[in-house]
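For reference, the chains in residue letters:
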Amino acid sequence: MKYRPDIDGLRAISVMAVIIFHSGVNLLSGGYVGVDIFFVISGYLITGLVFDEIKKGTFTFTNFYKRRIARLLPSLITTLLLVFVFGFLFYDNNTFDNLGKEIFFSAIGAANLLFAQGVNYFAQESSIRPLVHLWSLGVEEQFYLVWPTILALLAFLKRRNILIIFLLLFFTSLYMAVTSVVDSPITTYFYPQYRAFELITGAITALTIRSGGFKKIKLKKICNEAISYLSLFLIILPMFLLDGNSTFPGVNTLYPCIGTAMLILFSTSTSVSKILSYTPLVFIGLISYPLYLYHNPIISYVHFFKLTVSNGVLLAIVLAISIPLSWLTYRYIEMPIRKLAHKRNKSPAAYIIPLVASLVSFAGVGIYVAKSNGLGERFKLLNSFAYQVTEHSGTTFHTYFSRGMNISANSNGKILFVGDSLMQQYVYPISKALGIDASNVDTVTRGGCVLLKGVDFIDKFSDISCNDLRAELYMINTQYEYVVISQSWDSYDQSIKNIDVFNKTIPHQMWTPFINSTLEHFKTISANIIVIGSHLKVEGTSELSPTIFLSEKYYKTQLGSLRVSNTGDIPRSNLFFSQWGEDDVLVIHPSDIWSLNNGTFKLHDTEWSFFSDSQHASHISTEFVVKKIKSILLNKKPAYISKGQ
């Protein structure tokens, strides 16, 4: 294929739009469409390359994937290495655990499948995930797995028939995206079947530009100019008009995709082509791939260190670091390997095997980090105090209990706990306060899981299915002395499909029908139900997270900075949950557990924090929590203490 510098210029516009969007500059609220432009360009180039080689009789799958490996892996491996090293040095166990999962899925070309399980690409928290942008690379890699085979099977048909098939695939994918995006916006955003029409737009463009009929079209220069500017308008305008609330992908995606296709078809020798061929734009386009890979980790690290800079300054920081780094990668890593891949007399083993082996190694390292709970042993070797913090930040739940469905025949129907990780932190303290041995405790629980009856839940990626847990839970007919229910009441609104829109505007009110159904069910198997209400949110815990560089002096100093950030919401939240307090239902407000008589909250013991993060209590707090729960029970339900003991 003949090299076109204007396509590199278009790449530059695309990558800059994405970087500006990720930097939070409001002016380009729809800058994420830069990824869709990349998809069209990729579909155009790959289809044209494969189609031309098939027609010449020189195409082989070996050569195709050899070139893809040489093109994609050097910068990807460099990115994964940099992100891993940063996480190893600065992340606590939980954050490093999550990064391990992301490294594993990114290394196997499936990052989009991981993030489709529950990451809102437009939510603020996604900006501090260094690899979330690799979802698009996952889509492209999955496209590369199937598209060459499809082209090889279709190559001997007439171009008209191939075009018809491409159009059928295009409209099928577009229809799937349009019909799915309303009910399942996160899944639709990340899954390849809903993005295929964008890549196929590029494929149709490649086929059209090679057709005899198109080559015969001779438009006047003014027409080409008009079409070129219209194309640029369709590409750029959505960057300003769309935002995170726009329905996407779907019809809105067509504007930049059609604009890109028209630009490729009609912009040759136009003033738009000359603009896009401007040397600085071509330079950015040439390094656009490593630039795309590097920019988001840099943004995430600025957020990680809580640097208070404006979005414009953040953008300047990102460009100042990522552009030189991308050029060095392109010049000294990417290009030498790509040149080797194009030498027909050069054995691919010299570079393919090391690249693939490196990627497989990262996949292995990622899964090991995830399976080892964030590689906590690194602190034992490199920072003994940080290791102590890790040990003291653990939870009593994982010491005595385990996730999932744990219903024992030996529990004697004493107590059942139901909920997510915020419920888990109270399992041992409540059991101990009631005088119930851990062997007599049943649990149905998983982090990030809503187990209330009647919930239609969009589950995240996990080895334990939340929906299966819920289905099994409400088939239990064991009679219990106590049932305890809780969860994070401030989360999950994006994960519940059957919440009334009106109720979403009232804090916690959306849970009312589900709480009613849940209590109605459990009243049939227990006469004593405990509901734990709205949980505290503690600021300052991130400063206490164990890292390789954490010092004891700094940790002790920061203990005094801990504070409850949602005190203004507590009275209203407590009033909401108090409506269920009746003879057979006891409501425990976490604010009552952690509060002191002087109106403050007990958040540490001057040596160690009682909270491992903003909402989860550490095992150091156990003795304090047990005493407070006993006091609450003696005050509200003294019979509970006598029953348990």
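Our subject is the structure that appears above.
Here is a short report on the structure shown in this document. (Residues numbered from 1 in each chain as written. Predicted model: local features only at pLDDT ≥ 70, side-chain atom pairs only at ≥ 80, totals over all residues. Heavy atoms only, no water.)

1. Overview of the sheet that holds strand S2 (residues 415-419)
In space, the six strands of this open sheet follow the order S1-S3-S2-S4-S5-S8, with mixed pairing throughout. The open sheet has two edge strands with one neighbour each: strand S1 (404-406) and strand S8 (585-588). For this sheet, the mean angle separating the axes of adjacent strands, direction not counted, is 15°. Judged from the five bridges that link them, S2 and strand S4 (residues 482-486) form a sheet pairing that is parallel. Directly across from Phe-417, in S4, lies its bridge partner Val-484. (Pairing = 2+ DSSP bridges. Helix = DSSP H or I, 4+ residues; strand = E, 2+ residues; numbered from the N terminus. Axes fitted to C-alpha atoms, helices over the stretch in contact; angles between N-to-C directions.)

2. Describing helix H25 (residues 552-559)
Buried within H25 we find Tyr-555, Gln-558 and Leu-559. For H25, the angular spread of the buried residues around the axis is 110°, confining them to a single face. The outward face of H25, more than 90 degrees from its buried face, is lined by the exposed residues Lys-553 and Thr-557. At its buried positions, H25 is contacted by helix H19 (384-392). (Buried < 20%, exposed > 50% of the residue type's maximum accessible area, 1.4 Å probe, protein only. Arc of directions from axis to C-beta. Contact = heavy atoms within 4.5 Å.)

3. Examining the nonpolar core
The biggest cluster of nonpolar side chains holds 114 residues, and the ones touching the most others in it are Leu-76, Leu-80, Trp-135, Trp-147, Phe-166, Met-239 and Leu-293. Top element by residues in this core is helix H3 (residues 61-90). It accounts for 11 residues. Sequence-distant contacts of Phe-166, that is, excluding residues within four places in its chain, are made with Thr-47, Trp-147, Leu-151, Leu-154, Ile-200, Ala-203, Ile-204 and Leu-207. Counting 45 residues, the second largest nonpolar core, distinct from the first, contains Tyr-426, Leu-434, Leu-550 and Trp-594. (Core = buried A, V, L, I, M, F, W, Y, C linked by side-chain atoms within 4.5 Å.)

4. Side note on the state of the cysteines
Evaluation of the coordinates by the stated rule reveals one disulfide. Paired by a disulfide, Cys-449 and Cys-466 hold their sulfur atoms 2.1 Å apart. Between Cys-449 and Cys-466, the disulfide has an S-S torsion of 85° and is therefore right-handed. Here Cys-449, found in the loop between strand S3 (441-445) and helix H23 (466-473), pairs with Cys-466, found in helix H23; they are 17 residues apart in sequence, far enough to count as distant. Of the residues examined, Cys-466 reaches a relative accessible area of 0% and is grouped as buried. (Disulfide = S-S within 2.5 Å.)

5. Digging into unusual backbone geometry
Of note, the bond from Phe-248 into Pro-249 is cis; its omega dihedral lies within 30 degrees of zero at 0°. Phi is positive for Ser-269, close to 65°, though the residue is something other than glycine. Within the element layout of this structure, Ser-269 appears in the loop between helix H12 (251-266) and helix H13 (271-276). Positive phi values are uncommon outside glycine, yet Lys-306 reaches one of about 55°. Position of Lys-306 relative to the elements: it lies in the loop between helix H15 (288-304) and helix H16 (311-341).

6. Quick word on the side chain of Thr-78
Its place among the elements puts Thr-78 in helix H3. Look at Thr-78 and you get buried, because its relative accessible area is 19%. Of the polar contacts made by the side chain of Thr-78, one reaches the backbone oxygen of Pro-74; its length is 2.8 Å. In this structure, Thr-78 is in contact with Tyr-294 and Ile-333, ignoring residues within four places of it in sequence. (Polar contact = N/O pair within 3.5 Å; in protein donor to acceptor, adjacent residues only side chain to side chain.)

7. Topic: helix H1 (residues 5-22)
Taking 1.5 Å per residue, 18 residues should reach 26 Å; H1 reaches 26 Å between its end C-alpha atoms and fits that length. Phi turns positive, to about 90°, at Gly-24, one or two residues after H1. (Expected span 1.5 Å × (residues − 1).)

8. Structural notes on the packing of H1 against helix H2 (residues 34-56)
For the pair H1 and H2, interaxial distance at closest approach is 8 Å and the crossing angle is 150°. By the criterion of interaxial angle, the relationship of H1 to H2 is roughly antiparallel. Judged by the sense of rotation from one axis to the other, the crossing of H1 with H2 is left-handed. Residue-level contacts link Ile-7, Leu-10, Arg-11, Ser-14, Val-15 and Val-18 of H1 to Gly-34, Val-35, Ile-37, Phe-38, Ile-41, Tyr-44 and Leu-45 of H2. A breakdown of the residues in the contact of H1 with H2 according to their chemical character gives 10 nonpolar, two polar and one charged. (Parallel < 35°, antiparallel > 145°, perpendicular 65-115°, else oblique. Left-handed = near helix turned anticlockwise from the far one by under 90°. Nonpolar A, V, L, I, M, F, W, Y, C, P; charged D, E, K, R; others polar.)

9. Notes on the pairing of strand S5 (residues 529-532)
Alternating residues of S5 divide into Ile-529 and Val-531 and Ile-530 and Ile-532, and every residue in both groups is buried. For S4 and S5, the ladder comprises three bridges, and the chain directions are parallel. Bridging from a neighbouring strand, Ile-485 pairs with Val-531 of S5. One ladder, built from four bridges, connects S5 with S8; its direction is parallel. Each residue of the ladder has a partner; that of Ile-529, found in S8, is Val-585.

10. Describing the packing of aromatic side chains
Scanning the model with the defined rule gives 51 aromatic pairs in all. Judged by centre distance (6.2 Å) and plane angle (40°), the ring pair of Phe-84 and Phe-88 falls under tilted. In this pair, Phe-84 and Phe-88 are both assigned in helix H3, four residues apart and thus about one turn of the helix distant. The class for Phe-84 is buried, based on a relative accessible area of 18%. Between Phe-385 and Tyr-555 the ring centres are 5.5 Å apart and the planes differ by 75°, which places this aromatic pair in the edge-to-face class. Of the two residues, Phe-385 sits in helix H19 while Tyr-555 sits in helix H25, which places them 170 residues apart along the sequence. Residue classification places Phe-385 among the buried positions, given a relative accessible area of 7%. Members of the aromatic cluster, connected to one another through ring pairs, are Phe-21, Tyr-32, Phe-39, Phe-115, Trp-135, Tyr-189, Phe-190 and Phe-248. Arg-195 extends its terminal NZ or CZ atom over the ring of Tyr-189, reaching a point 4.4 Å from the ring centre. (Phe/Tyr/Trp six-rings, centres within 6.5 Å; stacked < 30°, edge-to-face > 60°. Lys NZ or Arg CZ within 6 Å of the ring centre and 35° of its normal.)

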